[in-house]
There are 2 protein chains.
Amino acid sequence: MQDSTITSIGIDFGGTSVKLGVCRGGELLCTDEPITTANFAGPQALVGEMAARVAKLRKQHAAITAIGVGVPGLVDFENGYVHELTNVPGWKHVPLKAILGEKTGLPVIVENDANAMCYAEFRYGAARGLRNVVALTMGTGIGGGLVLDGRMYRGSCFAAGEIGQMSIDYDGVAGHYGNLGALEKYTGNHQIAEHAVRRYAEAGVGKDIEDCTPKKIAEAAAAGDNIARQIWDEVAEWLGTALASIGWLLNPDAFVIGGGVAQAGDLIFSPLKRKVQSMLSTVVWEKLQILPAKFSNEAGIIGNAALAADEA
Amino acid sequence: MQDSTITSIGIDFGGTSVKLGVCRGGELLCTDEPITTANFAGPQALVGEMAARVAKLRKQHAAITAIGVGVPGLVDFENGYVHELTNVPGWKHVPLKAILGEKTGLPVIVENDANAMCYAEFRYGAARGLRNVVALTMGTGIGGGLVLDGRMYRGSCFAAGEIGQMSIDYDGVAGHYGNLGALEKYTGNHQIAEHAVRRYAEAGVGKDIEDCTPKKIAEAAAAGDNIARQIWDEVAEWLGTALASIGWLLNPDAFVIGGGVAQAGDLIFSPLKRKVQSMLSTVVWEKLQILPAKFSNEAGIIGNAALAADEA
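Values in this document were obtained by computation on a predicted structure and should not be read as measured data. (Residues numbered from 1 in each chain as written. Chains lettered and ligands numbered in written order. Predicted model: local features only at pLDDT ≥ 70, side-chain atom pairs only at ≥ 80, totals over all residues.)

*Asks:* Can you break down the overall build of chain A residue by residue, with the values?
*Replies:* Regarding its fold elements, chain A presents ten helices and 13 strands. In summary, chain A has a C-alpha radius of gyration of 20 Å against a globular reference of 20 Å for 312 residues, a match within 12%. For the C-alpha atoms alone, the extent of chain A along its principal axes is close to 60 × 45 × 35 Å. Looking at chain A as a whole, 55% of its 312 residues are labelled buried. Considering only residue pairs separated by 6 or more positions, chain A has 64% of its internal contacts joining residues 24 or more positions apart. (Helix = DSSP H or I, 4+ residues; strand = E, 2+ residues; numbered from the N terminus. Rg over C-alpha atoms; globule rule 2.2 N^0.38 Å. Buried ≥ 20, exposed ≤ 12 C-beta atoms within 10 Å, placed from the backbone. Contact = placed C-beta atoms within 7 Å.)

*Asks:* So, the environment of Ile209 of chain A: which residues are in play, and what are the values?
*Replies:* Residues and elements named next belong to chain A. Here Ile209 lies in the loop between α5 (189-202) and α6 (214-222). In this structure Ile209 comes out as exposed when scored by C-beta crowding, with 11 C-beta atoms within 10 Å. Sequence separation between Ile209 and Asp266 is 57 residues; the distance between their C-alpha atoms is 23 Å.

*Asks:* Give a description of the interface of chain A and chain B that names residues and reports values.
*Replies:* Each partner contributes to the interface: chain A provides 44 residues, whereas chain B provides 44 residues. For the side of chain A that touches chain B, the secondary-structure elements that each account for two or more residues are α7 (226-250), α8 (266-279) and α9 (282-287) of chain A. The element that contributes the greatest number of residues to the side of chain A that touches chain B is α7 of chain A, accounting for nine residues.

*Asks:* Just give me the short version of the domain arrangement of chain A, but keep the residues and values in it.
*Replies:* Residue and element names in this part refer to chain A. The domain architecture assigned to chain A consists of domain 1 (7-112 + 297-311) and domain 2 (126-292). Centre-to-centre separation of domain 1 and domain 2, based on C-alpha positions: 29 Å. With six residues of domain 1 at the contact, the number on the domain 2 side is five residues. Elements with a contribution of two residues or more to the side of domain 1 that touches domain 2: β5 (74-76) and α10 (299-311). (Domains from an automatic or database assignment.)

*Asks:* Lay out the confidence of the model for chain A with the relevant residues and their values.
*Replies:* Averaged over chain A, the pLDDT score is 96; the fraction of residues at 70 or greater is 100%. What the predictor reports for the complex is a pTM of 0.97 with an ipTM of 0.97. (pLDDT = per-residue confidence, 0-100.)

*Asks:* Describe the relation of the copies chain A and chain B, naming the residues involved and giving the relevant values.
*Replies:* Of the transformation superimposing chain A on chain B, the axial component is 0.0 Å and the angular component is 180°, with the fit at an RMSD of 0.0 Å. Taken together, the turn and the small shift mark the pair as related by a two-fold rotation axis. Among all residues of chain A, the one whose C-alpha sits closest to the rotation axis is Asp169 of chain A, at a distance of 2.0 Å. The residues that chain A uses at the interface reappear at the interface of chain B in 100% of cases, marking a shared surface. (Least-squares fit on C-alpha atoms with pLDDT ≥ 70 in both.)

*Asks:* Tell me about the pairing of strand β10 (residues 142-148) of chain B, residues and numbers included.
*Replies:* All names here are of chain B. In terms of burial, β10 is a largely internal element, seven of the seven residues being buried. Here β10 shows no split at all, with Ile142, Gly144, Leu146 and Leu148 on one side and Gly143, Gly145 and Val147 on the other all buried. Sheet analysis places strand β9 (residues 133-138) next to β10, joined by six bridges and oriented antiparallel. The residue of β10 that forms the bridge with Leu136 is Gly144. The hairpin formed by β9 and β10 contains three residues between the paired strands. Across three bridges, β10 lies against strand β11 (residues 151-153) in antiparallel orientation. Looking across to β11, one finds that Leu148 is bridged to Arg151. Where β10 hands over to β11, the hairpin turn is made up of two residues, of which Asp149 adopts a positive phi near 50°. (Pairing = 2+ DSSP bridges.)

*Asks:* Break down the sheet that holds strand β2 (residues 17-24) of chain B for me, citing the residues and quoting the values.
*Replies:* Residue and element names in this part refer to chain B. Taken in spatial order, the five strands make up an open sheet running β3-β2-β1-β4-β8, and their pairing is mixed. Edge positions in the sheet fall to β3 (27-36) and β8 (108-112), since each of these pairs with one other strand and no more. Along the sheet, successive strands turn relative to each other by an average axial angle of 20°, direction set aside. Examined bridge by bridge, strand β1 (residues 7-13) and β2 share seven bridges and lie antiparallel to one another. Bridge assignment links Asp12 to a residue of β2, and that residue is Lys19. Across the sheet, helix α1 (residues 43-60) is in contact with β1, β2, β3 and β4 (64-71); its angle to β3 comes to roughly 150°. (Axes fitted to C-alpha atoms, helices over the stretch in contact; angles between N-to-C directions.)

*Asks:* Describe the pairing of strand β6 (residues 81-84) of chain A, naming the residues involved and giving the relevant values.
*Replies:* Residue and element names in this part refer to chain A. Here β5 pairs with β6 via three bridges, running antiparallel. Residue Leu74 lies in a different strand from β6, and its bridge partner there is Glu84. In this structure, β6 lies alongside strand β7 (residues 92-94), joined through two bridges in antiparallel fashion. Its bridge partner lying in β7, Glu84 is registered against Lys92.

*Asks:* If you had to explain the sheet that holds strand β6 (residues 81-84) of chain B to someone new, which residues and values would you point to?
*Replies:* Residue and element names in this part refer to chain B. Spatial ordering of the open sheet is given by β5-β6-β7, a layout of three strands whose pairing is antiparallel. Looking at the sheet topology across the chains shown, the edges are occupied by β5 (74-76) and β7 (92-94). Neighbour to neighbour, the strand axes of the sheet diverge by 20° on average, direction disregarded.

*Asks:* Provide a residue-level description of the packing of α7 of chain A against α8 of chain A, including the pertinent values.
*Replies:* All names here are of chain A. It is the contact of α7 with α8, at a shortest axis distance of 8 Å, that shows an interaxial angle of 45°. When the axis of α7 is compared with that of α8, the two are oblique. For the element pair α7 and α8, the recorded crossing hand is right-handed. For the pair α7 and α8, the contacting residues are Trp232, Asp233, Val235, Ala236, Glu237, Leu239, Gly240, Thr241, Leu243, Ala244 and Gly247 in the first and Leu267, Ile268, Pro271, Leu272, Lys275, Val276 and Met279 in the second. Residues belonging to the contact of α7 with α8 are distributed by class as follows: twelve nonpolar, three polar and three charged. (Parallel < 35°, antiparallel > 145°, perpendicular 65-115°, else oblique. Left-handed = near helix turned anticlockwise from the far one by under 90°. Nonpolar A, V, L, I, M, F, W, Y, C, P; charged D, E, K, R; others polar.)

*Asks:* Kindly report on the environment of Thr65 of chain A, identifying the contributing residues and their values.
*Replies:* Residue and element names in this part refer to chain A. Looking at where Thr65 falls in the secondary structure, it is placed in strand β4 (residues 64-71). Thr65 sits in the partly exposed class, given 16 other C-beta atoms within 10 Å. Sequence-wise, Thr65 and Ser8 are 57 residues apart; in three dimensions their C-alpha atoms are separated by 5.7 Å. Beyond its immediate stretch of four places on either side in the chain, Thr65 contacts Ile6, Thr7, Ser8 and Leu106.

*Asks:* Any chance you could break down unusual backbone geometry for me, citing the residues and the numbers?
*Replies:* A positive phi angle, near 55°, is found at His93 of chain A, a position not held by glycine. Mapped onto the secondary structure, His93 of chain A falls in strand β7. Phi is positive for Phe158 of chain B, close to 65°, though the residue is something other than glycine. Within the fold, Phe158 of chain B resides in the loop between β11 and α4 (184-187). Judged by local crowding, Phe158 of chain B falls into the buried class, with 21 C-beta atoms found within 10 Å.

*Asks:* How would you summarise the packing of α1 of chain B against helix α2 (residues 96-104) of chain B if you had to cite specific residues and measurements?
*Replies:* All names here are of chain B. Look at α1 against α2: their axes get within 9 Å of each other, and the N-to-C directions meet at 40°. Viewed along their axes, α1 and α2 adopt a mutual orientation that is oblique. Between α1 and α2 lies a crossing of right-handed hand. Contacts from Val47, Gly48, Met50, Ala51 and Val54 of α1 reach α2 at Leu96, Ile99, Leu100, Lys103 and Thr104. Taken together, the residues of the contact of α1 with α2 break down into seven nonpolar, two polar and one charged.

Written as structure tokens, this is what we have:
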């Protein structure tokens, strides 16, 4: 049940650090210093530190009644069990909900980080007030989350929302799972950079891959570089194809896009909107918004706290 | 709320005829003679005939408490309003729920036909007992329906489930809406036949398109024709790419496939399963079933009756 009056803790568990904050109604009341994961040998020690931080935050905010933790990997949401975090050594088969719940005495939910980001945007961000929301986080890979009919949709084993693995070409580049045409093999940060190096080379311009990050391509495009603009148009073709397919399948109210690529602003959003419109019926397109995410670094804390408040 | 004890009428409104039946708990208790749409000049007359048939069926089954109508086109489910049926002259902007409700005094729901088929399979068919179900009806076009978290998912303007419009190639064949790579432009009945004619021609075999219907290609493949087998493998590549994308996005329990192509049986299901497995993670694949539909001609009546029982 959606409840904006509950005070809860959101924990954003990343590859290198764990960020914590206290939230109520989508507002970040306070944060604590991030925990550096490398300083703790294994899950027990790290969860112990999380619990200590929670105890400290509860002294400042007595009203805290739930904890939401988002992790960069597949979880069993129902049991609050972490299958594996490939970027965090030792995190395999960890009953996080049980351990943290026992140590703190508070109800805990454990969620995938892209789902938490989606929920933050749905409840308090760019898609606030909408009912069917598809969120994408664009970085090295492309994660996603779905809120459908006003609730987080998780799928049959809590693995839904893997937009980066969807195919945009049945005969295309193989993704991590051998999945031909995987979107993130076209529009992941590294793939965009590689593509840019090729496009510049074709135009007789030598560029290193470090000079072709999405940020730098965006700067070049903004400064009037036609090759850079063309690169964004191509990214929009690929990304727009996947969004249009999702549009046909789910007929959502909004796509919310966060991460590095989204920071290119109109350079990506303008051609992306044109592409998606060109691929949809008027009925589906007219109902659809394509929005930049409201939250960035704080999305995880706010989304996990909101999920804890609404679902724990 | 799911209720298998309610007796309701399912009406399956097709391009040429309207079929009616009385159902309870997924059982078809009786049917009435189909109504030929061409015999009635416009919606008022046709709905009048539907109401007369309903009155007749109620004399035989006094327990009837609701009516579900499925139509071949886009509806406003909430208001029971038919936007347009391109295959039925005069059916544009028809408040079907209001008219039929007024004429019969019963609660009416109006649904898209592919959604009704999906609901039939979810409640009483191949996907009974499962929670997240994606259904496809394969014919001239490819329709689809979604049951997510145990309920019909309709999308923001009741247009969800258009699997045939999803793209399998960002640079592919244009669909009806200009959508490049639209699945049904590869695996619609006519496209399969055209593809088969080409494949046979490449092998020096002249075939007319009438000899290349999915049914005839299936017969040829079953009889050991290698070209026919290859054609089914290719159809599986295209269809499997779309299903894998949906698998990544929705992590469903099952795909249920009905219509002509599904009748090719293992000829299509075997390569299709191999293809989808090759494109998914183990976690998602192990949870997933790819099933032939249980219902065929009666899917519409049963699905609409079930929706009326559960939602009207």
